[in-house]
Amino acid sequence: MPDLSPDGGTIAFTIQHGPGSRIATIGVDGSGLRLLTPEGISAVWPRWSSDGRRLLFFRVRPHGNLILMVMDADGTGARPVPGPRTPDGQPPDLSPDGSTVLYTSRLRIQYDLATVPVAGGRSHRLTDSVLVFEGSGTWSPDGTRIAYERLVSGRHEIWLMNVDGTGARRLIALPSASAMGPE
C-alpha cells in the first residue's frame, strides 16, 4: 500500500527488488525513483511522518519476524523502534506529532492495537479481545482518536476510539462485505 507524503509531492512504497522487497520513493510526476533500504534486507509498509521528514516501516527477518523501523526520508539513519511486542504485518502508523507508533500486535491467535514511543519504551495495548481481529489502525489528523478495523465471526466492522483505548464505539458493521484499512 503506497503512502503519499504530507506535502503531496512524493509517494513511498514497497518494491520487489532482487531477493527481497525494498522501500522506495518516487515523485508524483514519475521522476526521481529512489531505493531507500539496502538490497538483501526485506522491508515493507512505509508510512510518512506528519512532517515528511521520516518514514516508518517493517523490516522482514528470515522466517517472517518483523522489526519496526524508522529512518530519515532520504533513507539514512535507519534504526529499530525499541519495544513493540510481536508486531503483525499490518501497516503501522505514526502519530501526528511523530512521537508514537500505532501498530497491530499479535499474540498467538489474538490481534490487538498497541502503541509504543518512537524513542523506545514499553508497548501499551489499546484493545484486548480474544478471537477477534482488531488492527489496521490510523490516527486522526489532530491525534485525539484512532480509527480501526475489527473482524469478529466473519463480520467486518469499522470502530473509533480515543488514543488511550477508551470510548471505543462501532461505526458500521458489514456482515457480507469487507471494511478494511480506515484512513
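Located above this text is the structure these notes cover.
Because the structure is a prediction, the values reported are computed rather than measured.

Draft legend 1. Spotlight on the overall build of the protein chain. Looking only at helices and strands, the protein chain features zero helices and 16 strands. Within the span of the protein chain, comprising 183 residues, buried residues form 43% of the whole. Carbon and sulfur atoms make up 52% of the accessible area of the protein chain, which totals about 9,400 Å².

Draft legend 2. View of the side chain of Glu157. Topologically, Glu157 is positioned in strand S15 (residues 155–162). At 2.6 Å, the side chain of Glu157 and the side chain of Arg155 are in polar contact. Side chain to side chain, Glu157 and Arg170 meet in a polar contact 3.4 Å long.

Draft legend 3. Here's a closer look at the packing of aromatic side chains. In total, this model carries two aromatic pairs according to the counting rule given. Taken together, a centroid distance of 5.4 Å and an interplanar angle of 50° make the contact between Tyr111 and Phe133 tilted. Of this pair, Tyr111 sits in strand S11 (residues 110–117) while Phe133 sits in strand S13 (residues 133–139); the two residues are 22 residues apart in sequence, bridging distant segments of the chain. When its relative accessible area of 24% is taken as the criterion, Tyr111 is described as partly exposed. Ring geometry for Tyr148 versus Trp159: centroids 6.4 Å apart, planes at 35°, classification tilted. Of this pair, Tyr148 sits in strand S14 (residues 145–152) while Trp159 sits in strand S15, and the two are eleven residues apart along the sequence. One exposure class covers both Tyr148 and Trp159, and it is buried. Sitting over the face of the ring of Trp159, Arg150 holds its NZ or CZ atom 4.8 Å from the ring centroid.

Draft legend 4. Seen up close, unusual backbone geometry. For Trp45, which is not a glycine, the phi torsion comes out positive at approximately 60°. Tracing the sequence through the fold places Trp45 in strand S5 (residues 42–48).

Draft legend 5. Summary view of the nonpolar core. Grouped together as the largest cluster of nonpolar side chains are 13 residues, with contacts concentrated most on Leu56, Leu68, Val81, Val101 and Val116. Mapped onto this core, the elements with two or more residues apiece are strand S6 (54–60), strand S7 (66–72), strand S10 (100–107) and S11. Among the elements that line this core, the one with the most residues is S7, at three residues. Leaving out residues up to four positions away in the same chain, Val81 has contacts with Leu56, Leu68, Met69, Val70, Val116, Pro117 and Val118. Within the second largest apolar cluster, nine residues are counted, among which are Ala12, Leu36, Ala43 and Leu55.

Draft legend 6. Region of interest: the sheet that holds S7. An order of S5-S6-S7-S8 is seen for the four strands of this open sheet, with the pairing classed as antiparallel. Both outer strands of the open sheet, S5 and strand S8 (79–80), are each paired with one neighbouring strand and no more. By the bridge criterion, five bridges tie S5 to S6 in an arrangement that is antiparallel. Looking across to S6, one finds that Ala43 is bridged to Arg59.

Here is what the cut-offs are and how they apply
- Residues numbered from 1 in each chain as written.
- Predicted model: local features only at pLDDT ≥ 70, side-chain atom pairs only at ≥ 80, totals over all residues.
- Heavy atoms only, no water.
- Helix = DSSP H or I, 4+ residues; strand = E, 2+ residues; numbered from the N terminus.
- Buried < 20%, exposed > 50% of the residue type's maximum accessible area, 1.4 Å probe, protein only.
- Areas by Shrake-Rupley, 256 points an atom, 1.4 Å probe, with all protein chains shown as cover.
- Polar contact = N/O pair within 3.5 Å; in protein donor to acceptor, adjacent residues only side chain to side chain.
- Phe/Tyr/Trp six-rings, centres within 6.5 Å; stacked < 30°, edge-to-face > 60°.
- Lys NZ or Arg CZ within 6 Å of the ring centre and 35° of its normal.
- Core = buried A, V, L, I, M, F, W, Y, C linked by side-chain atoms within 4.5 Å.
- Contact = heavy atoms within 4.5 Å.
- Pairing = 2+ DSSP bridges.

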